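Residue strings, one per chain:
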Amino acid sequence: MGKGHVDPRIDDKLEELYRRHLDAEEPTLAKYYTPGRGYYPPELAGEERDHFGVCLVSTDGQVYGAGDYELRFALQSLSKVFVYGMALCDHGRERVLENVGVEPSGNAFNSLVFDERYNRPFNPMVNSGALATTDLIAAEGYTEAWERIRGTFGVYAADDTLEADEEIFREEMRDADRNRATAYLMRSYGMIGREVENTLALYLRQCSIPVNCQDLATMAATLANGGTNPITGRQAIERPYVRDILSVMYTCGMYDFAGQWAYEVGIPAKSGVSGGILAVIPGKFGIGVFSPGLDVQGNSVRGIAVCEELSDRLGLHVFANESEDALLQA
Ligand code: GLN
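Residues numbered from 1 in each chain as written. Predicted model: local features only at pLDDT ≥ 70, side-chain atom pairs only at ≥ 80, totals over all residues. Heavy atoms only, no water.

Asker: Which parts of the structure should I look at to understand the environment of Val113?
Answerer: Tracing the backbone through its elements, the reader meets Val113 in the loop between α3 (93-99) and α4 (127-136). With 100 residues separating them along the chain, Val113 and Cys213 place their C-alpha atoms 32 Å apart. Beyond its immediate stretch of four places on either side in the chain, Val113 contacts Asn107 and Phe122. (Helix = DSSP H or I, 4+ residues; strand = E, 2+ residues; numbered from the N terminus. Contact = heavy atoms within 4.5 Å.)

Asker: Could you clarify how one ought to interpret the packing of helix α5 (residues 142-157) against helix α8 (residues 196-207) in this entry?
Answerer: Between two packed helices, what matters for the description is the angle formed by their axes and the separation of those axes. Following both chains from N to C, one finds α5 and α8 inclined at 20°, their axes separated by 11 Å at the closest point. For the element pair α5 / α8, the angle class is roughly parallel. In terms of crossing hand, the pair formed by α5 and α8 is right-handed. Of the residues in α8, those touching α5 at Tyr142, Ala145, Trp146, Ile149 and Phe153 are Asn198, Ala201, Leu202, Arg205 and Gln206. (Axes fitted to C-alpha atoms, helices over the stretch in contact; angles between N-to-C directions. Parallel < 35°, antiparallel > 145°, perpendicular 65-115°, else oblique. Left-handed = near helix turned anticlockwise from the far one by under 90°.)

Asker: When you look at the sheet that holds strand β9 (residues 285-290) in this model, what are you seeing that I'm missing?
Answerer: Across the sheet, five strands lie side by side as β4-β3-β9-β8-β7; this open sheet has antiparallel pairing. Here the strands that pair on one side only, and so sit at the sheet edges, are β4 (63-67) and β7 (269-271). Strand-to-strand twist of the sheet, defined as the mean angle between neighbouring strand axes without regard to direction, takes the value 10°. Pairing analysis gives three bridges linking β7 to strand β8 (residues 276-281), with the strands arranged antiparallel. Bridged to Ala269 within β8 is Ala279. Relative to β9, helix α12 (residues 301-314) is tilted by about 150°, and along the sheet it contacts β3 (53-58), β8 and β9. (Pairing = 2+ DSSP bridges.)

Asker: It is not clear to me how the site of the ligand should be interpreted in this structure. Could you clarify?
Answerer: Near the ligand, the surroundings consist of Gln76, Ser77, Lys80, Phe109, Asn127, Glu172, Asn179, Tyr203, Cys207, Tyr255, Gly272 and Val273. Between the ligand and Glu172, the relevant distance is 3.1 Å, taken from a nitrogen atom to a side-chain nitrogen or oxygen of the residue. In the complex, 93% of the free accessible area of the ligand, which totals 300 Å², lies under the protein chains. In the shell around the ligand, the residues fall into five nonpolar, five polar and two charged. (Near = heavy atom within 4 Å. Polar contact = N/O pair within 3.5 Å; in protein donor to acceptor, adjacent residues only side chain to side chain. Areas by Shrake-Rupley, 256 points an atom, 1.4 Å probe, with all protein chains shown as cover. Nonpolar A, V, L, I, M, F, W, Y, C, P; charged D, E, K, R; others polar.)

Asker: Even after reading the chapter, I still don't get the nonpolar core, so can you show me in this structure?
Answerer: Nonpolar side chains tend to gather and get buried jointly when the protein is soluble and globular. Counting 68 residues, the largest nonpolar core has Phe153, Leu223, Ile245 and Met249 as its most contacted members. Excluding its chain neighbours within four sequence positions, the residues that come into contact with Phe153 are Leu75, Ser79, Phe82, Val83, Leu162, Gln206, Ile209 and Met219. One finds Phe52, Val54, Ile287 and Cys307 within the second-largest nonpolar core, a separate group that totals 26 residues. (Core = buried A, V, L, I, M, F, W, Y, C linked by side-chain atoms within 4.5 Å. Buried < 20%, exposed > 50% of the residue type's maximum accessible area, 1.4 Å probe, protein only.)

Asker: Any chance you could explain the packing of helix α1 (residues 8-23) against α12 here in plain terms?
Answerer: Contact geometry for α1 and α12: axes closest at 10 Å, N-to-C directions at 140°. On the basis of their axis angle, the class for α1 and α12 is oblique. The element α1 and its partner α12 pack so that their crossing is right-handed. Residues Lys13, Glu16, Leu17, Arg20, His21 and Leu22 of α1 lie in contact with α12, whose contacting residues are Arg302, Ala305, Val306, Glu309, Leu310 and Arg313. When its residues are assigned to classes, the contact of α1 with α12 shows five nonpolar, one polar and six charged.

Asker: What is the right way to read the pairing of β9 from this model?
Answerer: Moving residue by residue along a regular strand, the side chains alternate between the two faces of the sheet. For β9, the buried fraction is high: six of the six residues fall into the buried class. On β9, burial covers both faces: Phe285, Ile287 and Val289 on one face and Gly286, Gly288 and Phe290 on the other are all buried. Sheet topology note: the β3/β9 ladder contains six bridges and is antiparallel. Across the sheet, residue Val57 finds its bridge partner in β9, namely Gly286. Between β8 and the antiparallel strand that follows it, β9, lie three residues; Gly283 among them carries a positive phi value of about 80°.

So, in structure tokens, the structure goes:
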């Protein structure tokens, strides 16, 4: 799919934003993550230092991309958003809430701490929460559940060919000690009920789907558009559940940086350890950013900087109260 853009002025602004952030210092850079290699320090990074793309897709289907916006990377934690939506569609709010809460945990995404009062993971945006929502996908078995996940993600991204990368999936399964321990611990607490290894594999397989910034921005734009993909007109999720997803993204989407993100950037977003961030401006557009350099919390350093600037310049913070004039001058 090409860019299909319509306004060259927006292209120019995005290109300028991209160039500036490509060259900017990254004072909070702490690590990189690659499947199979795990986390490694910045001094061991090679060409991935310069990998950086950004894409915007509007709710009327315009696409604007800059930098490596077509470069693919693993979806990782970004998948949690869409599987949570599937669980909501399959079971409704009340039932899903029995198995996974909507409280920010304040802990890292792979924490083994649960909400003990309710015997459930704190929220669906951390690993334990995603294991719980994955366990809820309505299907007869592994293959059917996987086909449903793959198919739904494809509707969000306007790409029916989305599929897991088997090499990445194998690496994720090989390095799954912590996720496996989490899943078994959850079963012992009665938080998941199905075959643990299947739920674990379904979770890690959804993490292993390669996407690019344009896919991410399209997925985000589908949420911005009430659940209907603005490019294909296909419905990815029932409209009432979009509000639930965005609420949880807003409060829990950026791991243990979620509060500061809500405070400073003020838009619903989700990050993943491969360096992707997707952000949703309801009724307007979706943002997909990718740059693999991560801060201590595991969020993309350039991704955060770009979203901060877009939020600031376009007055996107949900509680911003800018005058019309300020918006026109941005
Ligand atoms: N596959 C990674 C994990 O389960 C995804 C986590 C993430 O992106 N934060 O640990």
